[in-house]
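Here are the chains, one letter per residue:
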Amino acid sequence: MLLVDVYLDKSPIQGIGVFAKHHIPKGTLIWKLDPRFDRIIDVETYEGETGPVKNYLDRYSYPDRRDPAYIVFEADDARYMNHDDEPNCDVSSPEETYALRDIAPGEELTCNYNLFFETGFDFLGDRHL
């Protein structure tokens with residue numbers, strides 16, 4: 001779950017993005033995996049889905065780096081965080097995200113999607129788990 005105030009808006013990177021409502025100092029804990037809200041879905045269930053549900057999971061979920069038998073679906077707006085090769089958020093931990101530098105109000109929060117995948121980023125539907 002996001003632990004900072006954000007809003008969604010049109011992103012210059014792609015589609016919708018997550019933007020800071022207020023100044024976020026470097027080192028701030030921005031997001032923390034919270035199983036009460038963030039969904040941990042077993043791969044078998046994910047692979048059994050079709051149509052709009054499968055398409056949505058393909059777009060907004062990622063492999064659980066703690067256990068490859070699962071994927072993570074974030075229950076809040078964190079799922080709209082876009083990729084940047086030089087992100088302002090550190091997602092190297094599978095359970096926490098920190099600000100890599102000061103983030104200004106109105107600035108888009110970004111992360112490096114490549115850290116979620118061993119061989120580089122693809123949407124889930126483009127790979128075989």
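Note that the coordinates shown come from a computational prediction; the quantities given were computed from them, not determined experimentally.

Procedures and definitions
Residues numbered from 1 in each chain as written. Predicted model: local features only at pLDDT ≥ 70, side-chain atom pairs only at ≥ 80, totals over all residues. Heavy atoms only, no water. Phe/Tyr/Trp six-rings, centres within 6.5 Å; stacked < 30°, edge-to-face > 60°. Helix = DSSP H or I, 4+ residues; strand = E, 2+ residues; numbered from the N terminus. Buried < 20%, exposed > 50% of the residue type's maximum accessible area, 1.4 Å probe, protein only. Pairing = 2+ DSSP bridges. Axes fitted to C-alpha atoms, helices over the stretch in contact; angles between N-to-C directions. Core = buried A, V, L, I, M, F, W, Y, C linked by side-chain atoms within 4.5 Å. Contact = heavy atoms within 4.5 Å.

*Asks:* In this structure, what is going on with the packing of aromatic side chains? I would like to understand it.
*Replies:* The geometry of an aromatic ring pair is captured by two quantities: the separation of the ring centres and the angle between the planes. A full pass over the atoms with the stated rule returns four aromatic pairs. Aromatic pair Tyr-7 and Phe-19: ring centres 5.6 Å apart, planes at 20°, arrangement stacked. Of this pair, Tyr-7 sits in strand 1 (residues 6-10) while Phe-19 is found in strand 2 (residues 16-20), placing the two residues 12 residues apart along the sequence. Overall, Tyr-7 belongs to the partly exposed group, its relative accessible area being 29%. Pairing Tyr-56 with Phe-73 gives two aromatic rings, centres 5.7 Å apart and planes at 55°, and the pair type is tilted.

*Asks:* It is not clear to me how the pairing of strand 2 should be interpreted in this structure. Could you clarify?
*Replies:* Working note: regular strand, side chains alternate between the two faces of the sheet. Burial within strand 2 is extensive, with four of its five residues counted as buried. In this sheet, strand 2 lies alongside strand 1 in antiparallel orientation, the contact comprising five bridges. Within strand 2, the residue paired with Tyr-7 across the bridge is Phe-19. From the end of strand 1 to the start of strand 2, which pair antiparallel, there are five residues, and Gly-15 there has a positive phi angle of about 50°.

*Asks:* Can you walk me through the sheet that holds strand 5 (residues 61-63) in this structure?
*Replies:* Strands pair in a sheet through their backbones, by hydrogen bonds, and they do so in one of two ways: parallel or antiparallel. In space, the three strands of this open sheet follow the order 4-6-5, with antiparallel pairing throughout. Strands at the two margins of the open sheet, each flanked by one partner only, are strand 4 (39-42) and strand 5. Here the strands of the sheet are splayed against their neighbours by 30° on average, with no regard to which way each runs. By the bridge criterion, three bridges tie strand 5 to strand 6 (residues 70-73) in an arrangement that is antiparallel. Residue pairing in the sheet places Tyr-62 in a bridge with Val-72 of strand 6.

*Asks:* Could you clarify how one ought to interpret the nonpolar core in this entry?
*Replies:* Side chains of a nonpolar character, in soluble globular proteins, are inclined to be buried together. Residues Leu-2, Val-18, Ile-24, Ile-30, Trp-31, Ile-103 and Leu-109 are the most contacted members of the largest nonpolar core, which totals 29 residues. When contributions to this core are tallied by element, the ones reaching two or more residues are strand 2, strand 3 (29-32), helix 1 (43-48), helix 2 (51-60) and strand 6. The element that contributes the greatest number of residues to this core is strand 6, accounting for three residues. Setting aside residues up to four positions removed in sequence, Leu-109 forms contacts with Val-6, Val-18, Phe-19, Ala-20, Ile-24, Ile-30, Met-81, Asn-82, Asn-88, Cys-89 and Ile-103.

*Asks:* So what exactly am I meant to see when it comes to the sheet that holds strand 9 (residues 96-99) here?
*Replies:* The antiparallel open sheet is built from three strands, whose spatial order is 3-9-8. Each edge of the open sheet is held by one strand with a lone partner, namely strand 3 and strand 8 (89-90). Pairing geometry for strand 8 and strand 9, over two bridges, is antiparallel. Pairing of Asp-90 across the sheet is with Tyr-98, part of strand 9.

In short, the description is geometric, and any link to function would need to be established separately.
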